[in-house]
Amino acid sequence: LEAAAPEALPILPKVVELAPSALPLLASAIAIPSSALLVAAVGSIGAAGAGVYLIPDDTVVQVAAQTLLVGVFGAAGAASIIGAGVLSKIKG
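The structure displayed is predicted, hence computed values, not measured ones.

Colleague: Looking at this structure, I do not really get the overall build of the protein. What am I missing?
Modeller: Of regular secondary structure, the protein possesses 3 helices and 0 strands. When the helices and strands of the protein are read in sequence order from the N terminus, they spell out α-α-α. Since a compact globule built from 92 residues should have a radius of gyration of about 12 Å, the 18 Å found for the protein marks it as more spread out than a globular shape. Once the C-alpha set of the protein is aligned to its principal axes, its extents read approximately 50 × 40 × 25 Å. Here the protein, with 92 residues, has 11% of them falling under the buried criterion. Contacts in the protein between residues at least 24 apart in sequence constitute 64% of all its contacts with a sequence separation of at least 6. Accessible surface, the protein as shown: approximately 6,600 Å² in total, 77% of it carbon and sulfur.

Rendered as structure tokens:
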């Protein structure tokens, strides 16, 4: 804990406070099949690619929209792939 960044230390009490309420959510998340997460990952990454392809990059606002779509859907796709791998290892 001493090696943690000083910025993270004020957050720790809040994390410890929220952890018990997050357990039912995590328990229900384990019930999701890993194949469903992989399908969601493909859809999310496809949506990110479609956003870049379909939204023209003529204005700053359109480029910002592309960036937002890729950031959100790309991160969700990566999280789904990682989650599917973790769940498949947990479930054996």
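Colleague: Where do I start with the environment of Gly 74 in this structure?
Modeller: When you line up the elements, Gly 74 lands in helix α3 (residues 60-91). Linking Gly 74 and Val 42, residues 32 residues apart in sequence, is a C-alpha distance of 9.9 Å. For Gly 74, the contacting residues outside a window of four places in its chain are Ser 44, Ala 48 and Leu 69.

Colleague: Sorry if this is basic, but what is going on with the pattern of salt bridges here?
Modeller: Opposite charge on two side chains permits pairing when their charged atoms draw close. Scanning the entire structure with this criterion turns up 1 salt bridge. Salt-bridge contacts for Lys 14 lead to Glu 17; the nearest nitrogen and oxygen are separated by 3.8 Å. Residue Lys 14 and its partner Glu 17 are located together in helix α1 (residues 12-30), separated by 3 residues, close to a single helical turn.

Colleague: Whenever I open this one, helix α2 (residues 34-54) confuses me. Can you help?
Modeller: What sets the pattern is the α-helix's 3.6 residues per turn: residues three or four places apart point alike. Given a rise of 1.5 Å per residue, 21 residues ought to cover 30 Å, and the 30 Å separating the end C-alpha atoms of α2 matches this to within 8%. Every buried residue of α2 is listed here: Leu 37, Ala 41, Ser 44, Ala 48 and Gly 51. Buried positions in α2, seen along its axis, are confined to an arc of 95° and lie on one side of it. What points out from α2, more than 90 degrees from its buried face, is the exposed set Val 39, Val 42, Tyr 53 and Leu 54. Of the surrounding elements, those touching the buried residues of α2 are α3.

Conventions and cut-offs
- Residues numbered from 1 in each chain as written.
- Predicted model: local features only at pLDDT ≥ 70, side-chain atom pairs only at ≥ 80, totals over all residues.
- Heavy atoms only, no water.
- Helix = DSSP H or I, 4+ residues; strand = E, 2+ residues; numbered from the N terminus.
- Rg over C-alpha atoms; globule rule 2.2 N^0.38 Å.
- Buried < 20%, exposed > 50% of the residue type's maximum accessible area, 1.4 Å probe, protein only.
- Contact = heavy atoms within 4.5 Å.
- Areas by Shrake-Rupley, 256 points an atom, 1.4 Å probe, with all protein chains shown as cover.
- Salt bridge = Lys/Arg side-chain N within 4 Å of Asp/Glu carboxyl O.
- Expected span 1.5 Å × (residues − 1).
- Arc of directions from axis to C-beta.

As far as function goes, none of this settles anything; it's purely spatial.
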